[in-house]
Amino acid sequence: MNLNHKNILITGGSIGIGLELAKQLSSEGARVLICARNIKPLEKAKNEYPKLEIAKCDVTDIGQVEQLVAKAESLFGGID
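Residues numbered from 1 in each chain as written. Predicted model: local features only at pLDDT ≥ 70, side-chain atom pairs only at ≥ 80, totals over all residues. Heavy atoms only, no water.

Undergrad: Even after reading the chapter, I still don't get the sheet that holds strand β2 (residues 31-36), so can you show me in this structure?
TA: Pairing between the strands of a sheet is mediated by backbone hydrogen bonds and can be parallel or antiparallel. Strand order across the open sheet formed by 3 strands is β1-β2-β3, with parallel pairing between neighbours. Looking at which strands have only one partner, the edges of the open sheet turn out to be β1 (7-11) and β3 (53-56). On average, each strand axis in the sheet is tilted by 20 degrees relative to the strand beside it, whichever way the strands run. Where β2 meets β3, 4 bridges bridge the pair, whose relative direction is parallel. Bridge pairing in β3 places A36 opposite K56. Its contacts with the sheet place helix α3 (residues 62-76) against β1, β2 and β3, and it is angled at close to 160 degrees to β2. (Pairing = 2+ DSSP bridges. Helix = DSSP H or I, 4+ residues; strand = E, 2+ residues; numbered from the N terminus. Axes fitted to C-alpha atoms, helices over the stretch in contact; angles between N-to-C directions. Contact = heavy atoms within 4.5 Å.)

Undergrad: So what exactly am I meant to see when it comes to the side chain of S26 here?
TA: With respect to the element layout, S26 can be found in helix α1 (residues 16-27). The class for S26 is buried, based on a relative accessible area of 8%. What S26 contacts, discounting residues up to four positions off in sequence, is V32, K51 and L52. (Buried < 20%, exposed > 50% of the residue type's maximum accessible area, 1.4 Å probe, protein only.)

Undergrad: Please explain the environment of N7 as it appears in this structure.
TA: Residue position: N7 is located in strand β1. A relative accessible area of 6% means that N7 is categorised as buried. Note: C-alpha distance between N7 and R31 (24 residues apart in sequence) is 5.0 Å. Apart from residues lying up to four places away in sequence, N7 is in contact with R31, F76, G78, I79 and D80. For N7, the side chain forms a polar contact with the main-chain oxygen of G78, separated by 3.4 Å. (Polar contact = N/O pair within 3.5 Å; in protein donor to acceptor, adjacent residues only side chain to side chain.)

Undergrad: So what exactly am I meant to see when it comes to the pattern of salt bridges here?
TA: Side chains that differ in charge, positive against negative, can pair when their charged atoms come close. Applying the stated criterion across every chain, the model contains 2 salt bridges. For K44, the salt bridge goes to E48, with nearest N and O atoms at 4.0 Å. One end of the pair is K44 and the other is E48, both in helix α2 (residues 39-48) and 4 residues apart, which spans about a single turn. The class for K44 is exposed, based on a relative accessible area of 52%. (Salt bridge = Lys/Arg side-chain N within 4 Å of Asp/Glu carboxyl O.)

Any functional reading would require information beyond the geometric quantities listed.
Quick look at the structure:
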């Protein structure tokens, strides 16, 4: 599968399976935005993998989710 220039959003992307998935997709050419509730793990992920974009977001808060989607649209022009 060709992931070049695909726009992907991963919730819970700062650690564990989410981060591993983000790294893999990014290495295959996708543009990846990861989010999590805590900023420190997100910043660590960004420092280790500069291609990743990050956003602090609690997905139980609809306002924060709307801001997250707006950020993805601003960065990438949308989400695939």
